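Structural characterization, general
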Amino acid sequence: MKKYPVFRFINLFFSILFCYLAVRLLGIDGNTKYIHLMMVVLLGGIGVWFCLKDGEDGVERAFQAFVAAGMVLHIGYMLSTGCMIRSHDLGDFTISSGGHASYLLTLIWQGQLPQTNEIQFYQQPFFYLAGSVVSVVVNHILHCEEAFYLVDAAKIISCFASCAVLLCLKPLCGICGVKGRGRVIAAAMTAFLPASYLAGGRGNCDALVYFFMTVLFLQTLRFREKPDWNNILLLALAYGLAMMTKISCGLMALFTTVIFLYEFGKRIRHGGWLLLGLKYLTFALISFPLGLWYSMRNYFRFAQSLTYVLQLTSDSPLYRGEVPLVQRFFTLDTANLLKTPYVNIGSDYNLPVYLLKSALFGEFYYSVPVMVPVLLLLCGMGLSVVTVVAVYDGIRKKKMAGAWKYMIGVFCLSLLAAFYFYWREPYSCSMDYRYSIFMIVPAGMMAGRLYEEGGNVVMKKSISCLTAGFVLCSVLFCLMVR
Amino acid sequence: MNGKNYLSIIILTLFYAFLLFYRIGCPDAPESFLKLTASEQNAIQLDFGKNVRISEMEVYLGYQSNRTFSVWFYEENGESWMKLQEEQKIKSPFCWNSTCIDIGKASRYLYLASCDEEAQIHEIVFLDEKGNRILPVNVGEYPMLFDEQELYPEYATYYYNSMFDEIYHGRTAYELIHDLPLYEISHPPLGKLMISLGIRFFGMTPFGWRFSSAVMGILLVPVIYCFAWKLWHDSRVALFCSILHCTEFMHFTLSRIATIDIHIAFFVIQMFLFMYCFLGQWFGTKENRKKEFVWLLLCGVSTGCAIATKWTGFYAAAGLAVLLFMALAYRLKTGKWNKTERSHCVFLAAVCLVCFIVIPFAIYMGSYLPYLSRNSGKGLLTIVIENAQFMLDYHRAVKTAHPFESLWYEWVIDRRPLWDSVTRFADGTISSISTFGNPLILWSGIAAVIYNIYLFFLKKEKRALFLSVAYFSMLIPWLFVHRTVFIYQYFICTIFLILIIGNALVHRRKKYEMSFFLCLSVLLFLMFYPQLSGMQVPVDYTRHLLQWFPTWKFV
């Protein structure tokens, strides 16, 4: 199995950087009209390229086309959306406000990490470090010192992260046995998920967490296939950087631990456990310090616990602790689902519905013709059902051989994490899909594999129609959003 | 059926009887009473021996509801009687009614007078601000009011009080026994007569007035077993249906409340059971044709009892008619019509006339016999017709909004339970009872009904037809009823749903599915048991685990 070429990631990064610079230089940043026009042209170009397949593998081209189109959406959205639009906890563009902007500006202006852990300063620093470096470079080129643009440039990291996930899809599909048109389904679901490009246009660590979770999943599977030094070192580095981005990336450690234990057990039976143990030790020696140094710093300075999150109180209008647990977690609030496609953070309490809606629209309202979000929601619901059917099918037909069990395991792990987080922090904002974006990766691959192995013509047609509808509505939605 | 079947029936019935009777209601309640009138001479003057500050007055009211009393305290300084500004409204019959009469200071004497022509009080308990009981020193003057003080409970839960429509049916059953004017006459009398049997044996206590419902609920278990056995001749399926029925929520709750729904369910199920037996006999071998008449007779008696309990028995009767005529049409189409057959059918028609018109009419009329003594000068037929007119007018006019009313399509999806009773305890626990269906049975029942219809239309399965007609005959009429209704009207349909589910699973022929379904149903029953039985549990348990939907209000 070929490794994914690192040059593609470098190319991607510089392409996004170039686009950002170009848009800033042309003075059309935030000008949705021109950017959307460019997006339409590019999407059209991709479509023409696909149609000119001329005897080559149509499925492979479709896969590439969806990935490319997805990147166009991600980059286009990032360029047409200012960092203060549809942001979360950004705060004022000052050092003292305590939001994400403040964190970035502290690094840029003061050249040091925040000296408190108040408000958003408790967050792990990797995104802010990377974002501030990129911002300094970009704004130096553009001779700009405005606080807004200093913060805005950090979106390049988010956009890169969300697009980089699409580059991981090919090796993931390969390693998980998703073949043929199933890969196209997986690519379509992942590339066109609105939550993904919404995160890519934000100045916080959501997209980077999404990217790292994907890399951790991929790299763990690669280690499973070939437990050599390269893979363990990459995995350790990935874990370190992931945890340095957000501690919750440590969720994937549960999956990795199972794989590690399984491999260790095999080595005990067949020999070679000592060398493997050494690799694990190396893994720990790299990943733990890299991932936890900031947490240790904050623990000693501010007595901040490892799993600390900003606390709201039960007086908050977002508090949902009084709502019955069953209604919060285990039933489907169909009345809410039928009422509006958007979440209402002030009143919604049902996790399944909130996850579905926020996966498509975040926690925001949009002034787009209502048919588009409604159709997008319907397609999203349909694909959610497909995912559930895929999980059931994978378990029922005892297809737990190979990568089915990994995909199901990781998907269920992500879902359980969403449940746990909302249970632990019973506030409506805890349900936001932006904390669980990674879920789309195993979901898309399972849907793709179900398509290939389901064997049922009706099911294949349904999945195809739903995916096509999802893609079309997502594109329309992205182009209509202001 | 063999010995194994009978043993299963007996064991299941006994077990369910224990479950039903466990804490169904207190076997004791204040029974001696004093009748107050509006006359001053008939008022109560109580002497507490010294100045005491009375905070609350707990009154166990008799059979009349909504009684008003005026309360006076003796003002020592002014040497005069001071009337409590608000008159005290005591609402619920056969319930401990709490009323605050705290005047903010102590007094030695209290004067209680009825504002109504007549008020029956069984017991009064006075409490100070700390909740301690205070007994007047002159209790000897009013022994009936203070002779059962030990029966006053710390918390007046369902166990000690009447709940929901028991204030009507239980009360009217009491009135039937004591020859009092009848309050609840919006349904025919048989159900209330049956409730009164329990009161005769065990007294006007919660146990007494719920006894007959419990017996009906217990008897339904072997009836369901027999019905399922008749349908499939399979012990496993019969046991499955019976146990599933035992885990049906509404069956449990309605068997523990003195209303008439369990009674009519008992009769309606028998109607369809006997009709099935008759049809099986009619289409079966020609030996022992006398059995056909026996089944028809039993069916007719059940029909009469059903209609004499509640007019929804007419819905079931219509269902029987549909089945009978469908069977007749089928016989006409496929049968060999020789002279013997024709004369047998004519004879059967005559028997049907007797069994479904004459006998039910007689039973219906007979159920009104206790009304004769209350309507002197009127004939029985006049009384029956007048009451029928009243019932018709009443049921047309009942459109008052109720927080727990629901329409037929809401019953099917179990949307809005009926909240019967709630008591909140100081330690953060709650005792709450609701009437609603087992969601597993109701929701999977929807799929099973559709599958059943498919079985009939595509595979011409007659059992499926029979069960579908039975189910829809009890549901469809409610589409046209526009009065205030509640989910318990769907109870009889849930019994047929259980049989329909059984039929669906039998056709699927997957052994593990029945066991799995049953285990799930039992688990749900155990989980919801506190909400069905009024068992005291932490509020959080009910709120977080049982309130599945916003419309399910249990706390």
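Everything below is about the structure printed above this text.
This section reports on the structure supplied with the text. (Residues numbered from 1 in each chain as written. Chains lettered and ligands numbered in written order. Predicted model: local features only at pLDDT ≥ 70, side-chain atom pairs only at ≥ 80, totals over all residues. Heavy atoms only, no water.)

1. Regarding the interface of chain B and chain A
Where the parts come together, the accessible area they lose is often given as the size of the interface. Tallying the contact residues gives eight residues for chain B and nine residues for chain A. Summed over both partners, the interface of chain B with chain A buries about 730 Å², with 59% contributed by carbon and sulfur atoms. Considering only the side of chain B, the residues that lose the most area to chain A are Arg543(B), His544(B) and Trp548(B), jointly responsible for 61% of the buried surface there. At the junction of chain B and chain A, the tally comes to one salt bridge. Here Arg543(B) ties to Glu322(A) by a salt bridge, and the two come within 3.8 Å at their closest N and O atoms. For the pair chain B and chain A, the interface holds six residue pairs in polar contact (both at pLDDT 80 or more). Looking at the side of chain B that touches chain A residue by residue, the classes come out as five nonpolar, two polar and one charged. (Contact = heavy atoms within 4.5 Å. Buried area = accessible area lost by both parts, 1.4 Å probe. Salt bridge = Lys/Arg side-chain N within 4 Å of Asp/Glu carboxyl O. Polar contact = N/O pair within 3.5 Å; in protein donor to acceptor, adjacent residues only side chain to side chain. Nonpolar A, V, L, I, M, F, W, Y, C, P; charged D, E, K, R; others polar.)

2. Some details on the packing of aromatic side chains
If you walk through the whole model with that rule in mind, you get 106 aromatic pairs over all chains. Ring centres of Phe13(A) and Phe14(A) lie 5.5 Å apart, and the angle between their planes is 80°; this geometry places the pair in the edge-to-face category. Taking relative accessible area as the criterion, Phe13(A) reaches 18% and is therefore assigned buried. What makes Phe14(A) partly exposed here is its relative accessible area of 48%. On the basis of an interplanar angle of 40° and a centroid distance of 6.4 Å, the ring pair of Trp411(B) and Tyr490(B) is categorised as tilted. Placement of Trp411(B) in helix H14 (residues 408–412) and of Tyr490(B) in the loop between helix H16 (462–475) and helix H17 (491–508) is noted, with a sequence separation of 79 residues between them. Classification of Tyr490(B) by relative accessible area gives buried; the value is 1%. An aromatic cluster is built from Tyr16(B), Phe249(B), Phe252(B), Phe436(B), Trp443(B), Phe525(B), Phe528(B), Tyr529(B), Trp548(B), Phe549(B), Trp552(B) and Phe554(B), whose rings are joined through pairwise contacts. Arg183(A) extends its terminal NZ or CZ atom over the ring of Phe63(A), reaching a point 4.5 Å from the ring centre. (Phe/Tyr/Trp six-rings, centres within 6.5 Å; stacked < 30°, edge-to-face > 60°. Buried < 20%, exposed > 50% of the residue type's maximum accessible area, 1.4 Å probe, protein only. Helix = DSSP H or I, 4+ residues; strand = E, 2+ residues; numbered from the N terminus. Lys NZ or Arg CZ within 6 Å of the ring centre and 35° of its normal.)

3. Describing H17(B)
Residue and element names in this part refer to chain B. Here H17 contains 18 residues, and its C-alpha end-to-end distance of 26 Å stays within 8% of the 26 Å for a straight helix at 1.5 Å per residue. Judged by how many residues are buried, H17 sits mostly within the fold: 15 of 18 residues are covered. Trailing H17 by a residue or two, Arg509 shows a phi angle of about 60°, which is positive. (Expected span 1.5 Å × (residues − 1).)

4. As for the sheet that holds strand S12 (residues 429–435) of chain B
Within a sheet, neighbouring strands are paired by backbone hydrogen bonds and run either parallel or antiparallel to one another. Residues and elements named next belong to chain B. Strand order in the open sheet made by the three strands is S11-S12-S13, with antiparallel pairing throughout. In this open sheet, the two edge strands, each paired with only one partner strand, are strand S11 (418–424) and strand S13 (537–538). Here two bridges tie S12 to S13, and the two strands are oriented antiparallel to one another. Paired with Thr429 across the bridge in S13 is Pro538. Where helix H18 (residues 511–533) meets the sheet, it contacts S11, S12 and S13, and its direction lies at approximately 90° from that of S12. (Pairing = 2+ DSSP bridges. Axes fitted to C-alpha atoms, helices over the stretch in contact; angles between N-to-C directions.)

5. Quick notes on the packing of helix H1 (residues 6–26) of chain A against helix H7 (residues 155–167) of chain A
All names here are of chain A. Taken N-terminus to C-terminus, the directions of H1 and H7 make an angle of 140°; their axes are 10 Å apart at the nearest point. Taken as axis vectors, H1 and H7 run oblique relative to one another. The two elements H1 and H7 meet at a crossing, and its hand is right-handed. Residues Arg8, Phe9, Leu12, Phe13, Ile16, Leu17 and Tyr20 of H1 form the contact with H7, whose own contacting residues are Ile156, Ile157, Cys159, Phe160, Cys163, Ala164 and Leu167. Of the residues that constitute the contact of H1 with H7, the class distribution is 13 nonpolar, no polar and one charged. (Parallel < 35°, antiparallel > 145°, perpendicular 65-115°, else oblique. Left-handed = near helix turned anticlockwise from the far one by under 90°.)

6. Let's talk about the nonpolar core
The biggest cluster of nonpolar side chains holds 167 residues, and the ones touching the most others in it are Cys176(A), Phe211(A), Phe217(A) and Met445(A). The biggest single contributor to this core is helix H11 (residues 206–225) of chain A, with 13 residues. Residues lining this core come from more than one domain, with at least three contributed by each of domain 1 (205–310) and domain 2 (325–480) of chain A. Apart from the residues within four sequence positions on either side, Cys176(A) is in contact with Phe217(A), Leu221(A), Ala403(A), Met407(A), Met445(A) and Arg449(A). One finds Phe249(B), Ile257(B), Phe436(B) and Tyr529(B) within the second-largest nonpolar core, a separate group that totals 132 residues. (Core = buried A, V, L, I, M, F, W, Y, C linked by side-chain atoms within 4.5 Å. Domains from an automatic or database assignment.)

7. Observations concerning a nonpolar patch on the surface
All names here are of chain A. A contiguous nonpolar surface patch, about 560 Å² in accessible area, is contributed by Trp229, Leu233, Leu275, Leu278, Leu281 and Leu285. Looking at the nonpolar patch, the elements with two or more residues in it are helix H12 (229–245) and helix H14 (273–302). The dominant element in the nonpolar patch, judged by the number of residues it contributes, is H14, at four residues. By the element assignment, Leu278 lies in helix H14. A relative accessible area of 44% means that Leu278 is categorised as partly exposed. (Patch = residues over 30% accessible without salt bridge, like charges linked within 9 Å, V, L, I, M, F, W, Y side chains within 5 Å. Areas by Shrake-Rupley, 256 points an atom, 1.4 Å probe, with all protein chains shown as cover.)

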